[in-house]
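Topology and contacts: notes
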Amino acid sequence: MEKLLNEFSVGLFFWQVVLFIGLIFLLRKFAWGPILDAINEREEGIKNALAEADKARQEMLNIKSDNDKVLKEARAERDALLKDAREMKETMISEAKEEAQVQANKMIEQAKAAIANEKSAAITEMKNQMGDLSVSIAEKVVKGELSDKKKQLQLIEQLLNEVTLN
Amino acid sequence: MYSKLRSFLTVFILIFSLHSFAQEHGHENEKHNEHGEKLSLKDQIKADIKHHLQDSHDFHITDWLTFPLPVILWDDGLQMFMSSKFEHGHATVEHNGNYYKIAHETGHIYKTDASGTIHLNKNGFPTNKMPLDFSITKTVAMIMITALLMFLLFAGLAKSYTKNGGIAKGPGRFFEPIVLYVRDEIAIPNIGEKHYKKYMNYLLTIFFFIWFVNLFGLTPLGVNVTGNIAITAALALLTYLITTFTAKKDYWKHIFWMPGVPTLMKFVLAPIELLGTFIKPFALTMRLYANMFAGHVVLMSIIALMFIYKSWIGSSLSFGLAFGLSILELLVAALQAYIFTVLSALYFGSAVEEHDEH
Amino acid sequence: MDIPRIIGGGLIVIGAGIGIGRIGGSAMDAIARQPEATGKIQTAMLIAAALIEGIGFAALFAS
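Figured I'd write up the structure that's included with this text. (Residues numbered from 1 in each chain as written. Chains lettered and ligands numbered in written order. Predicted model: local features only at pLDDT ≥ 70, side-chain atom pairs only at ≥ 80, totals over all residues. Heavy atoms only, no water.)

At the interface, 54 residues of chain B touch 36 residues of chain A. Note on chain B versus chain A: buried area summed over both sides is about 3,900 Å², and carbon and sulfur give 76% of it. Residue Arg183(B) is joined to Glu43(A) by a salt bridge in which the shortest nitrogen-to-oxygen separation is 2.8 Å. Where chain B meets chain A, there are seven residue pairs in polar contact (both at pLDDT 80 or more). Where the side of chain B that touches chain A is concerned, the elements lending two or more residues are strand E8 (132–133), helix H3 (138–163), helix H4 (172–191), helix H5 (200–218), helix H6 (229–246) and helix H8 (263–308) of chain B. Top element by residues in the side of chain B that touches chain A is H3(B). It accounts for 12 residues. The residue inventory of the side of chain B that touches chain A, partitioned by class, reads 38 nonpolar, 11 polar and five charged. (Contact = heavy atoms within 4.5 Å. Buried area = accessible area lost by both parts, 1.4 Å probe. Salt bridge = Lys/Arg side-chain N within 4 Å of Asp/Glu carboxyl O. Polar contact = N/O pair within 3.5 Å; in protein donor to acceptor, adjacent residues only side chain to side chain. Helix = DSSP H or I, 4+ residues; strand = E, 2+ residues; numbered from the N terminus. Nonpolar A, V, L, I, M, F, W, Y, C, P; charged D, E, K, R; others polar.)

With that settled, the discussion passes to the pattern of salt bridges. All told, the structure shown has seven salt bridges over all chains when counted by the stated rule. Two residues, Arg42(A) and Glu176(B), come together in a salt bridge whose shortest N-O distance is 3.0 Å. Of this pair, Arg42(A) sits in helix H2 (residues 10–145) while Glu176(B) is found in helix H4, placing the two residues in two different chains. Judged by relative accessible area, Arg42(A) falls into the partly exposed class, the value being 25%. Here Glu176(B) falls in the buried class, since its relative accessible area comes to 11%. Salt-bridge contacts for Arg287(B) lead to Glu53(C); the nearest nitrogen and oxygen are separated by 3.7 Å. Taken together, the residues span two chains, with Arg287(B) in helix H8 and Glu53(C) in helix H2 (residues 38–62). (Buried < 20%, exposed > 50% of the residue type's maximum accessible area, 1.4 Å probe, protein only.)

Next up, the structure:
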């Protein structure tokens, strides 16, 4: 202890205190202040940048969800349109079919009626012609047959029979 | 790259310090003591180690490179002269009718009679009257150099921020993480987020100052700044003063009227706590001083073994040992700076701590 | 320095050595158990060791 006290130098103590306090104030003004400020500023900058990036990402997400929504709507609209179109097509087709059926039926009816008319006309005509023919035949036959009396009677009888059968 | 550079520097410094030590011995082989007797090698080494550890009035690098420094005394007025007048402590200086001499026992300047007699007490310490000595000694010069270097280095770092848009450049790049370390690992955990800012200047300055002077102590300049008790006492005193003057009400309350203990205990605790506040800076002083002092003594003793054991085995062994110890001392240099700073921060933290009611 | 003082100094060094050794050992255990808390444990270890060291030195110089 005595050695320590003997070695203790007041001058050294004085200089150390003075120089050190001076150094603290000098460094505070020219070094630590600016350094710590700069570091703080940088850290704040990094923090802000990170926050901003986060915000941007959030916005991106929002935009994306918006896009999705729009897309979904568009798709729904398209589906609705397609459905309408399909329905319209189907009704049109069925209507057309029905109309065609009706028309066809009508035409068939008309054709049938026409055929029936023609048929009856043809039959009438044929009857007329056959009448004429049979009259002429009968004339000839009568011309030939009437020479024979027995035959004439026979024929008349036969003809009468035939007529009733008709 | 950095680690390579560092290891290179370490080896360089070590070899250089060995070299300068060896040189000193080469020149001083013919040293004689006060009475003209030739000194034995062991006594020479003892004297050399003592000389190295003591503050001195001239900046001695080798025998042919010694800078005289101004001596400033307060002895009935200001007395100033250059230390070269002492002729390395051999001569008695007469200045304004007063006689001064450096006692090699302590390295201090004492007032003597015209023939320069120094009276010693029974423990071998001078009893002569001492003038107040404000000389720029070797240690003071080293403090000034360190302060200048720190100023240039850190002001440069501060400037590089504004120049480079907030990013450090140059040598400051190496120190910026350390500044951040002091802030994030020393100041904030020990003092707290709320109050740490006002202590940052002190903590940073003291950390780098102690670290740098410790490192300078390991260079060939070998100036043992933190191994002077006056230096460490001054630093600890500053810590003590800052603790005391920034302390909040809670701090004093916990010293003089400890809450949460019986009244009788409060009377017992108060003097103990008060004593504790003085022991803290005392322990700070002693720790730094003793660590650096002991480190220098051990390192120099081991280097000196080389000259005592003149065989190649002893020399190479002591070289290896000195090499290992030098690296250990590099670690200790930083560790002591760290511990001084951490403990200072701890004391500041206790001064501004706001306790919840117990 | 006389003999009792030297012995006292030795005792101080032994005591401080044991104390710091125990702190270091316990810190190693703690680090092995909780490697993620290494930084905090180291800081606490250094502070505790420094306090013992301080007392040790104070006693050593007083002796």
